[in-house]
Amino acid sequence: MQIAEVSEKYVLSQDTLRYYERIGLIPRVNRNKSGIRDYTEEDCRWVEFIKCMRGVGLPVEILIEYVGLFQQGDETMEARKELLIEQRKQLITKMEDMKNVFERLNNKISRYEQTIVEKEKL
């Protein structure tokens, strides 16, 4: 699959895909005889994984570290697992914070709605 197809499939710009590869956020993509990137299913799984992780705010540096560990082989499985566990803990904290903010916003909106209804009755 060429970069334009991957870009469209994952709704990421071609520049973003090139950047992700350049900084090590996704493993190096093989190129065909013409020098054009030729994304395999495995490459696409990496793109999807990184897009998903970035979508919830995991830091680029952590993901680069994860990819680097993965490329070192099975002896890094424990380190990869620990890295993901730590990110999960941080994500749980963010989710709790977001839930609190969500509830606060709902309360604020409810108060506005009540005030508006009361003013309309006058």
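Anything mentioned here points back to the structure above.
Described below are features of the structure shown in this document. If you're wondering where the values come from, they're calculated on a predicted model, not measured in any experiment.

1. Here we look at helix 5 (residues 77-121)
Then step 1. The terminal C-alpha atoms of helix 5, which comprises 45 residues, lie 65 Å apart, in line with the 66 Å expected from a rise of 1.5 Å per residue.
Then step 2. Along helix 5, the residues that are buried comprise R80, L83 and Q87.
Then step 3. The elements touched by buried residues of helix 5 are helix 4 (60-72).

2. Observations concerning a nonpolar patch on the surface
Then step 1. A cluster of nonpolar residues, V101, L105 and I109, forms a patch on the protein surface that exposes about 270 Å² of accessible area.
Then step 2. Along the chain, I109 falls in helix 5.

3. Things to note about the packing of aromatic side chains
Then step 1. Counted under the stated rule, the structure contains five aromatic pairs.
Then step 2. Their ring planes at 45° and their centres at 6.4 Å tell us that Y19 and Y20 sit as a pair that is tilted.
Then step 3. Pairing W46 with F70 gives two aromatic rings, centres 5.0 Å apart and planes at 75°, and the pair type is edge-to-face. Taken together, the positions of W46 in helix 3 (residues 41-55) and F70 in helix 4 put the pair 24 residues apart, joining distant regions of the chain.
Then step 4. Through a chain of ring-to-ring contacts, the aromatic side chains of W46, F49, Y66 and F70 assemble into a single cluster.

So, how was this worked out
Residues numbered from 1 in each chain as written. Predicted model: local features only at pLDDT ≥ 70, side-chain atom pairs only at ≥ 80, totals over all residues. Heavy atoms only, no water. Helix = DSSP H or I, 4+ residues; strand = E, 2+ residues; numbered from the N terminus. Expected span 1.5 Å × (residues − 1). Buried < 20%, exposed > 50% of the residue type's maximum accessible area, 1.4 Å probe, protein only. Contact = heavy atoms within 4.5 Å. Patch = residues over 30% accessible without salt bridge, like charges linked within 9 Å, V, L, I, M, F, W, Y side chains within 5 Å. Areas by Shrake-Rupley, 256 points an atom, 1.4 Å probe, with all protein chains shown as cover. Salt bridge = Lys/Arg side-chain N within 4 Å of Asp/Glu carboxyl O. Phe/Tyr/Trp six-rings, centres within 6.5 Å; stacked < 30°, edge-to-face > 60°.

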